[in-house]
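Structural characterization, general
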Amino acid sequence: MAAAEAVDTQLMLGVGLIEKDTNGEVLWVWCYPSTTATLKNLLLRKCCLTDESKLLHPFIFGQYRRTWFYITTIEVPDSSVLIKVTHFSIVLTAKDFNPEKYAAFTRILCRMYLKHGSPVKMMESYIAVLTKGICQSEENGSFLSKDFDARKAYLAGSIKDIVSQFGMETVILHTALMLKKRIVVYHPKIEAVQEFTRTLPALVWHRQDWTILHSYVHLDADELEALRMCPGYIAGFVDLEVSNRSDLYDVFVNLADSEITIAPLAKEAMTMGKLHKEIGQLIVQSAEDPEKSDSQVIQDISLKTREIFTNLEPFSEVSDDGEKLVLNFEALKQRRFPPATENFLYHLAAAEQMLKI
């Protein structure tokens, strides 16, 4: 048991503190252990204290080059020992996707800093969680790492909400995810972007891969370069300018206007046919069933997805080096599927790296 906890707790990478003082200056005040200038600049950009709109976002999360960041920001009440500080952000970086876990822990760290006005107590709690998976304090609340299961984080969003907004068009998102395409999501409110984007990987539950999620991206050269290194992704933006960046997406979701657009270059791979209609109808019927929970809807979609992979099996053969399964394209063509289905199965095999090189 102790070994399992040790593995779980080694997921955290660092903790940091950003302050906004009474002169309106925003500065990195402290971090443990030390971090790179690039990451510091990125986190300053993400924390809402540098935002000109002055809107306070209590909690945001995202990913940059396989490092997850979680930022809780609060306004300092007049009663606090922090006399020269108006707001501060606690930043946690980690290897895993678990917003609820890190929101709970950063809230405790915030309460500690408000009370003591020094990072020492925060560092003690951080090390306690890192080594033992637990920090306990009567006045600031307790935190237990193993209370927050990764699977719970995967299921925290609502597929039903997505389907109620997009209906049959949800199948476009499912297809794009199956084919490991690039999905960009825009909404002016970061909270809406995060809630929507974090739910999308559940449409391809068989992969259970949340590394494709980049829920808060700026149109900054370094961030876009990091994004381009990913074969397929879900990227969230609050800047409408991203709609003009067709080099960044195969599918563009304007969440504010409930519109989904397929980029011209992706249209061939994303051609919809009878199979997609079937999948779309299944998704809508399942999501509209008031008796079904979100996890049951995910299960229904997952079963349908497995069926699609079963369709590919008769046309798969072991590669010449015996390493993996590859698609026998001639056998697929002889089966005479409708063109859209054949096209989809071919592109799915490509996404699963089943094509002969």
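Residues numbered from 1 in each chain as written. Predicted model: local features only at pLDDT ≥ 70, side-chain atom pairs only at ≥ 80, totals over all residues. Heavy atoms only, no water.

What to know about the pairing of strand 10 (residues 233-237)
- Of all five residues in strand 10, five are buried, a share of seventy percent or more.
- Here strand 10 shows two buried faces, one formed by Y233, A235 and F237 and the other by I234 and G236.
- Across five bridges, strand 8 (residues 182-186) lies against strand 10 in parallel orientation. The residue bridging R182 from the neighbouring strand is Y233, located in strand 10.
- When strand 9 (residues 213-214) meets strand 10, the two strands line up parallel, connected through two bridges. When the bridges of strand 10 are listed, L213 appears paired with I234.
- Tracing the backbone out of strand 9, into helix 9 (residues 221-228) and back to the parallel element strand 10 gives a crossover that is right-handed. (Buried < 20%, exposed > 50% of the residue type's maximum accessible area, 1.4 Å probe, protein only. Helix = DSSP H or I, 4+ residues; strand = E, 2+ residues; numbered from the N terminus. Pairing = 2+ DSSP bridges. Right-handed = clockwise from strand over helix to strand, strands pointing away.)

What to know about the side chain of S125
- For S125, the location among the structural elements is in helix 4 (residues 119-132).
- Using a relative accessible area of 8% as the deciding quantity, one classes S125 as buried.
- In this structure S125 touches F105, L109, M112 and C135, once residues within four positions along its chain are discounted. (Contact = heavy atoms within 4.5 Å.)

A few points about the confidence of the model for the protein
- The share of residues in the protein with pLDDT of 70 or more is 97%, and the mean pLDDT across the chain is 92.
- Residue range residues 1-7 is modelled with pLDDT below 50. Its contacts to residues more than four positions away, or to other chains, number three contacts. (pLDDT = per-residue confidence, 0-100.)

Some points on the pattern of salt bridges
- The final tally for this structure, using the stated rule, is 15 salt bridges.
- As a salt-bridge pair, E352 and R207 come within 2.7 Å of each other at their nearest N and O atoms. Of the two residues, E352 sits in the segment after helix 13 (339-351) while R207 sits in the loop between helix 8 (190-199) and strand 9, which places them 145 residues apart along the sequence.
- Assessed through its relative accessible area of 22%, R207 is described here as partly exposed. (Salt bridge = Lys/Arg side-chain N within 4 Å of Asp/Glu carboxyl O.)

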